[in-house]
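Here is what each chain is made of, one letter per residue.
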Amino acid sequence: MYKIVKNEKLNEIIYSMWIEAPEVALSVQPGQFIILMITEKGERIPLTVADFNRERGLIRIVFQIVGKTSEELSTLEEGDELYSFIGPLGKKTEIENYGTVITVGGGTGIACIHSIARALKEAGNKVISIIGARNKDLIIMEEELKRVSSELIITTDDGSYGRKGFVTQALKEILDKDQAVKKVWTIGPAIMMKVTCETTKPYPVETIVSLNSVMVDGTGMCGSCRVSVGGETKFVCTDGPEFDGHLVDWEEFMNRLNRYKEQEKKSWEIYQKQVHTCKFVGGIK
Amino acid sequence: MAEMIPIKERMKRNIVPMPEQKPQDRIHNFKEVPLGYTKEQAIHEAQRCLQCKVPKCIAGCPAENNIPKFIEKIVEENFAEAYLEILKTDNLPAITGRVCLQEEQCQVVCILEKKGKPIAIGRLERFVADWARENNIHGKLPEIKRKSQKVAVVGSGPAGLTCAADLAKLGYDITIFEALHKPGGVLVYGIPEFRLPKSIVKYEINEIEKIGVKVITNFVIGAILSVDKLAQDFDAIFLANGAGAPRFMNIPGENLNDVYSANEFLIRANLMKAYSFPEYDTPIKIGKRAATIGAGNVAMDSACTALRLGAEKSYIVYRRSRKEVPARAEEVHHAEEEGILFSFLTLPVKILGDEKGNVIGMECLNMELGEPDESGRRRPIPIAGSNFVIEVDMVVDAIGTSANPIVAGSATGVETNKWGYFIVDENTKATTKEGIYAGGDIVRGSATVISAVVDGKVAARAIDEFLNSGGSLRKK
C-alpha cells in the first residue's frame, strides 16, 4: 500500500498530492509518469510525475477533477493509502544544455512543466516559461515556476491575471523577437498542446509535447495509448510520453482520448449521487 | 471405497461427459462453461483407467504427473491423496486441469485413445484440485533445511510461479516480482473468467505463497530496478516476464477508437473486471457487432467475451481455412455452440470509421489456398477484386504478441534473438549470462500455459544445480 502524506487543494479543481513510494522515488526522472489505483475496484490512471523527493521516498502528483477517479482521489486524506502505484514509466525528458528554451504549461500541465523547467535550468539553459489558465484562480505553482525560470509569463483567458489571452499569443511574440530559442516543451490539455504546435510550426523550433492518453497497464502490453506520430504507430507508455508535437496526428489522438466519454460520465454521475446520499444521511444523523 | 471393475467392463464404458452450462445461458454470464465432475462422475471415469504396467500418459504429461497413481486414488475415493500425488509434480493443478492441452499430451497417448475413448485426465485432475480446495486439503513443504541462496523470479505467470514453487520446495529463498497489481500474469489478465475463474488462480497462488514464496506486486523490473541491479542482490534470476506486446495488422484505420488489441480487450475485461462496470471503474466498449481477427485461443476468448458483454453478432475473421485454425478444438466447439460467426479465408485490409473515429465497418478480401508455405500449411492468397465490407462497430486484433523490451533492455549480457526473445539453452533454460535463466512466452513467443509450466520446471532444476555447485550472480 502507498501512503498519502499530503493532499493540498491548489484551487477549486486542482489538487497536489505527495505519496510514499520509495522505490519509484529513487529511480524517477523528469518527464516520466506513474499509474495508480485507489481501490481494487478502481481503474488504472496515468499521471505525469510533478515532483519527487528521493531522500524521503516521495512522489508528487498534481491532478484536476475530471471524473469519478480524480474526484475520489481528491477526497483522500493524509494517512490514507492507495491500492496500487507503479512507476516510473515511460521515457525521461531529454535534458541538455540547448541554450534558450521555452516551457509552456496549462492546467495540471503547469506542474509537469515545472519539473522539466527545473531540470533544464540546472542543465544551464535559459528557461522562459509561459503558463495559462481560464482565470486567476486556476493558475497554480506561480512561485515555484518563477524560481526556475529566467522569465515567467502568465496569461488568463479573461484577463483576470497576467496578460489577457492565450499562451500561444505570448509564445508567438517571443519566437518573433528571439531567434535564439532552440526548443519548446508544452504540457497541458490536448487542445492547448495542439494549438501550441501549430504556433511553433512556422519557426525552426522543435516542439515537444507530453501526451496523456488513455492507458491500462502502462508497460507496453495493451496498446490502448497508441498514437500516430509521423505516420507510425507509437505507444505513449513506452515510446513516450514525450513526442515531437509537429508529427503527432492530433485528430486521432483527441478522438482516442474520448473513447470512453459516455461511460466516464455515467460512472461520475453514479459516484456523485452516492456521495450526495451519504452526505444527506450524515446530515440527518 | 469404489470397487475396481473388470478390464472388459472398463473397455466397454464410455467417457463420462463434462456437465456444462447451456450455450443460451452462458452467453449472458461470465461463469465457467464446464461445471466440473461430481464425485460420482469422477469415480466412474477413473474406474475406466486400465492402470497400464507401462503407462504412456506419464511420459505424455509435460509436468510429469503420475497420472495412473492419482487416478487409482480417485477410484479408492481417497481424493486428498490423489491431490497430494499431483502436487508433487504440478504446482497449479486446478489451472492445468482446466487449460492444459490434454488432447495433445497425456490423453493422446492413452491406450484407450485407439478406441476413441481416452481417459478424461484433465477433467479428473480438475476434479481432484477443486475437491481439495473445497475440503481444505493443503500440500506441505517437505521438511528440509532452508537454504541461504536467494532467487529472483521476474513475472508471476505460469512459468514464474512454477519455477518459484519448485525452488521453494528445494529450500531456496524466492521472491517473485510482478509488474501488475495482481499476480498470475496471463492467468489473470488474459484467460477469461469463464474459462479459468480468477478465485481459483488466486487460491493456487496463495498455496504457493504458503510454502514460502514471496510475491511483490506493482514492481516493474526494467523501470524501478534493472535486471543488472537485481543481480547484485540475488544468487540466480529467472526471467519469465511474458511476451506481452500486442501485434497489429498494420492496415489503415487500425487506430480508430473501437479497435482493440486482444491484450487490451482482455485486460480490461478480465484483470480490471470491466464486465462489472460501473461496480468496477474500468470501462469497455460494448460493440453490437464485433469482429475478432485471428483464430487462436485468444481470438476465441475475445469473440466469446464480446458476446457476453452484449454483442449481437460476434465474428471470427481468419485468413486461412477451418482446417488451419490453431485454437483448441474444445474452444472452437464452445464458440460455435455460442453462435460465434466464423468468416474463413477472409483477410481484413482496412477498417472504416466515421468522422468521430468510431468504427463502422471492416473491408476484407476473400482468399484461396495455394501451395504449402514454410509452416507446412497451404498459403492463403488474396483474390483480387473480391473486396467486401463486414458491418461491425468494433474490432479486436488477436493475431499474436511480440516481445516487450522493458526487461531485456535492463539486462546487460542477456542476449535476445531478432524478435526480442531471450536466447536460452533448450535443456537448462540458461540465457547467455551465467546465473540468469528465462522461460515462458518471453522465450517462445505466444505459446501455451503448459509449455510455460515446463520451462519453469526445467529452469528450477538447472538453477538448483547451478546454486548447488557454488554458482552465484553475487560473486561476479
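Throughout this description, residue numbers start from 1 for each chain and increase along the sequence as written. The lettering of chains begins at A and the numbering of ligands begins at 1, in the order of writing. Residue-level local features of this predicted model are given only where pLDDT is at least 70; pairs of side-chain atoms are given and counted only at 80 or more, and the full residue set underlies all totals for whole chains, interfaces and linings. Side-chain calculation: all heavy atoms of the structure are included, whereas hydrogens and water are not.

**Considerations on a negative patch on the surface**
Residues and elements named next belong to chain A. Going by this rule: Here, patches come from residues exposed beyond 30% relative accessible area and free of salt bridges, joined within 9 Å for like charges and within 5 Å for nonpolar side chains (Val, Leu, Ile, Met, Phe, Trp, Tyr). Only the protein chains shown count as cover for residues, and all accessible areas are computed by the Shrake-Rupley method using a 1.4 Å probe. Take a side-chain nitrogen of Lys or Arg and a carboxyl oxygen of Asp or Glu: if they are within 4 Å of each other, that pair is a salt bridge. His residues and chain termini do not enter the charge count, which takes Lys and Arg as positive and Asp and Glu as negative. One atom stands in for each charge, and that atom is NZ of Lys, CZ of Arg, CG of Asp or CD of Glu. In this text, helices come from DSSP runs of H or I with a minimum length of four residues, and strands from runs of E with a minimum of two, each type numbered from the N-terminal end. Note on classification: 1.4 Å probe, protein chains only; a residue is buried when its accessible area is under 20% of the maximum for its type, exposed when over 50%, partly exposed between these limits.
A grouping of Glu20, Glu77, Asp80 and Glu81 is seen on the molecular surface, where their side chains present a negatively charged patch. Mapped onto the fold, glutamate 81 is located in strand β7 (residues 81-82). Residue glutamate 81 is classed as partly exposed on the basis of its relative accessible area of 38%.

**So, the sheet that holds strand β7 (residues 289-293) of chain B**
Residue and element names in this part refer to chain B. Convention followed: Pairing between two strands requires that DSSP report at least two bridges joining them. Angles shown run from 0 to 180 degrees and are taken between the N-to-C directions of axes, each axis being a line fitted to C-alpha atoms and, for helices, limited to the stretch in contact. Here a residue-residue contact requires only that any non-hydrogen atoms of the pair lie within 4.5 Å.
As summarised here, the arrangement of the five strands in space is β6-β14-β7-β8-β9, forming an open sheet in which the pairing is parallel. Where the open sheet ends on each side, the last strands, each with one partner, are β6 (259-261) and β9 (341-343). Averaged over all pairs of adjacent strands, the angle between strand axes in this sheet comes to 20 degrees, irrespective of strand direction. Across four bridges, β7 lies against strand β14 (residues 394-397) in parallel orientation. Considered in β14, the bridge of alanine 290 is made with methionine 394. Against the sheet, helix α13 (residues 262-271) contacts β6 and β14, and its axis sits at roughly 85 degrees relative to β6.

**Thoughts on the interface of chain B and chain A**
The following threshold applies: Whenever a nitrogen or oxygen atom comes within 3.5 Å of another N or O atom, the pair is scored as a polar contact, on the condition that within protein one atom can donate a hydrogen and the other can accept it, and that pairs from neighbouring residues in sequence are kept only if both atoms are in side chains.
With 41 residues of chain B at the contact, the number on the chain A side is 44 residues. Lys41(A) is paired through a salt bridge with Glu279(B); the nearest N and O atoms lie 2.5 Å apart. Between the two partners, chain B and chain A, sit 27 residue pairs in polar contact (both at pLDDT 80 or more). By residue number, the principal contributor to the side of chain B that touches chain A is α13(B), which donates four residues.

**What about helix α8 (residues 250-257) of chain A?**
Among all positions of α8(A), only Trp250(A), Glu252(A), Phe253(A), Asn255(A) and Arg256(A) are buried. On the buried face of α8(A), the contacting elements are α6 (190-200), β14 (206-210) and β15 (226-229) of chain A together with β6 of chain B. Its side-chain oxygen at 3.3 Å from the backbone nitrogen of Glu251(A), Asp249(A) defines the N-terminal cap of α8(A).

**Thoughts on unusual backbone geometry**
Note the cis peptide between Gly87(A) and Pro88(A), where omega equals -5 degrees. Mapped onto the fold, Pro88(A) is located in strand β8 (residues 84-89). Residue Pro241(A) follows Gly240(A) across a cis peptide bond; omega there is 10 degrees. Phi at Glu77(B) takes a positive value of approximately 60 degrees, unusual for a residue other than glycine.

**Looking at the pairing of strand β1 (residues 2-9) of chain A**
Put simply, side chains in a regular strand alternate between the two faces of the sheet. Residue and element names in this part refer to chain A. In this sheet, β7 lies alongside β1 in antiparallel orientation, the contact comprising two bridges. Opposite lysine 3, over in β7, you have glutamate 81 as the bridge partner. Looking at chain direction, β1 and strand β2 (residues 14-20) are connected through five bridges and run antiparallel. Across the sheet, residue isoleucine 4 finds its bridge partner in β2, namely isoleucine 19. Hairpin connection of β1 to β2: four residues between the antiparallel strands.

**A closer look at the environment of Arg289(B)**
All names here are of chain B. Its location among the elements puts arginine 289 in strand β7. A sequence separation of 99 residues divides arginine 289 from phenylalanine 388, and the C-alpha atoms of the two residues are 16 Å apart. Setting aside anything within four residues of it in sequence, one finds arginine 289 in contact with Lys313, Tyr315, Glu391, Val392, Asp393 and Met394. One polar contact links the side chain of arginine 289 to the main-chain carbonyl oxygen of glutamate 391, over a distance of 2.6 Å.

**Re the sheet that holds strand β2 (residues 173-177) of chain B**
Residue and element names in this part refer to chain B. The five strands are arranged β3-β2-β1-β4-β16 in an open sheet whose pairing can be described as parallel. Each having just a single partner strand, β3 (214-216) and β16 (436-438) make up the two edges of the open sheet. Ignoring which end each strand starts from, the neighbouring axes of this sheet average 20 degrees apart. Examined bridge by bridge, strand β1 (residues 150-154) and strand β4 (residues 236-239) share four bridges and lie parallel to one another. Within β4, the position partnered with valine 151 by the bridge is alanine 236. Lying over the sheet, helix α17 (residues 449-468) contacts β1, β4 and β16, oriented at roughly 170 degrees with respect to β4.

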